[in-house]
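Examining the three-dimensional arrangement
Next come the chains, spelled out residue by residue.
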Amino acid sequence: MRFFNVNFDCFPQQRTAAVPGRGAAGNPKNRFEKLEYVPDAESDTPNEGVPALRTQFLRDDSQTIITRNDSPDIGLKFSLNPYRGCEHGCAYCFARPTHEYLGFSAGLDFETKIVVKPNAPELLRRELSSARWRRDPQPLMMSGVTDCYQPAERRLELTRRCLSVLAEFRNPVAAITKNHLVTRDIDLFIELARHHAAVVAISITTLDVELAKKLEPRASPPSRRLAAIEELSAAGIPVHVMMAPCIPGLNDHELPAIFEAAACAGASGGGYVPLRLSWGVAPIFEQWLELHLPGQKDKVLGRVRAMRDGKLYDSRFGSRMRGEGFYAEQMHALYELAKRKAGFKREHREDALSTASFRVPTDQLSLF
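Before going into details, it helps to say that this report is about the structure given with it. Worth saying up front: this structure is predicted, and the values here are computed from it rather than measured. Every chain begins its residue count from 1, and numbering advances along the sequence as written. The predicted nature of this model means local features are confined to residues of pLDDT at least 70 and side-chain atom pairs, given and counted, to a pLDDT of 80 or more, with totals for whole chains, interfaces and linings taken over all residues. To obtain the side-chain values, all non-hydrogen atoms of the structure were used and water was disregarded.

**Some points on the overall build of the protein**
Broken down by element type, the protein carries 14 helices and ten strands. Only protein chains enter the calculation, and the probe is 1.4 Å; a residue is then buried if its accessible area is under 20% of its type maximum, exposed if over 50%, and partly exposed in between. Counting every position in the protein, which comprises 368 residues, the buried fraction comes to 53%. By definition in these notes, contact holds between two residues if any of their heavy atoms fall within 4.5 Å. A separation threshold of at least 6 residues defines the contact pool for the protein, and within that pool the share at least 24 residues apart is 80%. Approximately 16,600 Å² of the protein is accessible, and the part contributed by carbon and sulfur atoms is 50%. Runs of E in the DSSP output that reach at least two residues are strands. Runs of H or I that reach at least four are helices, and both are numbered from the N terminus. Computed with a 1.4 Å probe, the accessible areas rest on the Shrake-Rupley method; for each residue, only the protein chains presented here act as cover.

Listed below in structure tokens is the structure:
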């Protein structure tokens, strides 16, 4: 794996067709930047001169790795993310606008310019050993922003190394992913689960293989995610399924089927989050609908607006995670029905994680 220095070259703002293996079809303007690339209609041939869409990996020498979150509608207050940007390329990803803080676009840049924190495991060890953390250890969320098991993880193993540190300290962790690669680390999750310090959620948005290829082009296919649930459950690791996002008029009708399939695979609980089209996500997802499902575009966006007080996004705490109005109530009723029919035996929520077994290894205490 080769690391590149950060650069701010960008791809053309718009393309004329879907990009193979990518969720976005262009680079919308960064809302924080004054300059943008605008193709010349008279002299530019569509897609001519565009760099090959190979993924670049950019080094991030952050000095801290644990992030605090104050959102009242998020279960865990602390998270760590070894990667910024995500090669899975999900067209709907709520994290896309975070790339704008780096000077990039929320579009193709988010999928092709992955910012990597190579020192994440060492930083995590240092912060877990600090006096502040020893006084008040907390569960951590992995993949709270971008997927910690995205394709680069297979070679870089930053997530595995972070999990190894967490297992050594017995610090509880909740991980959520769309990638079967999570099963590679079953040995570490087993060690954490012995101390009630591990929960894994597998995100499944559709059982339709063709839709998944277009919507989440580089994530594991639905069958592999179900296989991950089965393997994790068989190993005694608490696992549940998340349908996030639940898109009205597109995949919401699949809630019962997804929950039933996940329950048969061994999931003990399930949840959902309605589609959130914040900031730069909205134009990307609108364009995705236009390219892949033009006949459903007005229906989907119309129902999103009906759930968001006439807008594509409502950032109010509480409402942003559930929506309001008829379609939101209908979605929640379907969720409750699907949960009952699936027969989930018990819920493994993040608040069930325990810090009772947290410890600082003796060799770490000697450093302080």
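**So, the packing of aromatic side chains**
Ring pairs are drawn from Phe, Tyr and Trp, using the six-membered ring of Trp, whenever the two centres fall within 6.5 Å, and their geometry is named by plane angle: stacked under 30 degrees, edge-to-face over 60, tilted for the rest. Using the criterion set out here, one finds eight aromatic pairs in the structure. An aromatic cluster is defined as three or more aromatic residues linked by ring pairs; in this entry it consists of Phe259, Tyr272, Tyr335 and Phe344. Between Arg276 and the ring centre of Phe94, over which it is positioned, the NZ or CZ distance is 4.9 Å. Working rule: Lys NZ or Arg CZ, within 6 Å of ring centre, within 35 degrees of ring normal, means a charge sits over the ring. Above the face of the Tyr272 ring, Arg322 is positioned so that its terminal group lies 4.7 Å from the ring centre.

**Some remarks on the sheet that holds strand E3 (residues 78-80)**
For two strands to count as paired, DSSP must find a minimum of two bridges between them. In space, the seven strands of this open sheet follow the order E2-E3-E6-E7-E8-E9-E10, with mixed pairing throughout. Either end of the sheet is taken by a strand with one partner, and the two such strands are strand E2 (66-68) and strand E10 (270-274). Recorded for the sheet is a direction-independent mean angle of 25° between the axes of neighbouring strands. Of the strand pairs in this sheet, E3 and strand E6 (residues 140-142) are connected by two bridges, and their pairing is parallel. Bridging from a neighbouring strand, Ser79 pairs with Met141 of E6. Axis definition: a line fit to C-alpha positions, over the contact stretch in the case of helices; interaxial angles, taken between N-to-C directions, run 0 to 180 degrees. Against the sheet, helix H9 (residues 255-265) touches strand E9 (239-246) and E10, its axis set at about 160° to E9.

**With respect to the pattern of salt bridges**
The term salt bridge refers to a side-chain nitrogen of Lys or Arg lying within 4 Å of a carboxyl oxygen of Asp or Glu. For the coordinates displayed, the defined rule picks out 21 salt bridges. Between Arg225 and Glu216 there is a salt bridge, and its shortest N-O distance comes to 2.6 Å. Within the structure, one salt-bridge network assembled from shared partners comprises Glu153, Arg160, Arg184, Asp185 and Asp187.

**Observations regarding the sheet that holds strand E5 (residues 113-116)**
Neighbouring strands of a sheet are bound in pairs by backbone hydrogen bonds; such pairs are parallel or else antiparallel. One open sheet holds the three strands; their spatial order is E1-E5-E4, and the pairing between them is mixed. Each having just a single partner strand, strand E1 (56-59) and strand E4 (83-84) make up the two edges of the open sheet. Sheet topology note: the E4/E5 ladder contains two bridges and is antiparallel. Bridging across to E5, Tyr83 finds its partner in Val116.

**Some points on the nonpolar core**
Core analysis: the biggest nonpolar cluster contains 58 residues, and Leu124, Met142, Leu163, Phe189, Ile202, Ile229 and Phe259 have the highest contact counts within it. It is helix H5 (residues 158-169) that contributes the most residues to this core, six residues altogether. Residue types Ala, Val, Leu, Ile, Met, Phe, Trp, Tyr and Cys, when buried and joined through side-chain atoms within 4.5 Å, form a set referred to as a nonpolar core.

**What about the pairing of E10?**
Extensive coverage of E10 is indicated by the burial of five of its five residues. By the alternation rule, side chains of E10 split into Gly270, Tyr272 and Pro274 and Gly271 and Val273, which are all buried. On the question of chirality, the crossover connecting E9 to the parallel E10 by way of H9 is right-handed. Handedness is read with the strands pointing away from the viewer; a crossover is right-handed when the path from the first strand over the helix to the second is clockwise.

**Quick word on the side chain of Asp314**
Inspection of the secondary structure assignment puts Asp314 in the loop between helix H11 (297-307) and helix H12 (319-322). Pairs of N or O atoms within 3.5 Å make up the polar contacts considered here, provided that, within protein, one atom can donate a hydrogen while the other can accept it, and that residues adjacent in sequence are counted only when both atoms are side-chain atoms. A polar contact of 3.3 Å, which involves the side chain of Asp314, links it to the side chain of Ser319. Apart from residues lying up to four places away in sequence, Asp314 is in contact with Arg308, Ser319 and Arg320.

Function cannot be inferred from these measures alone, as they are strictly geometric.
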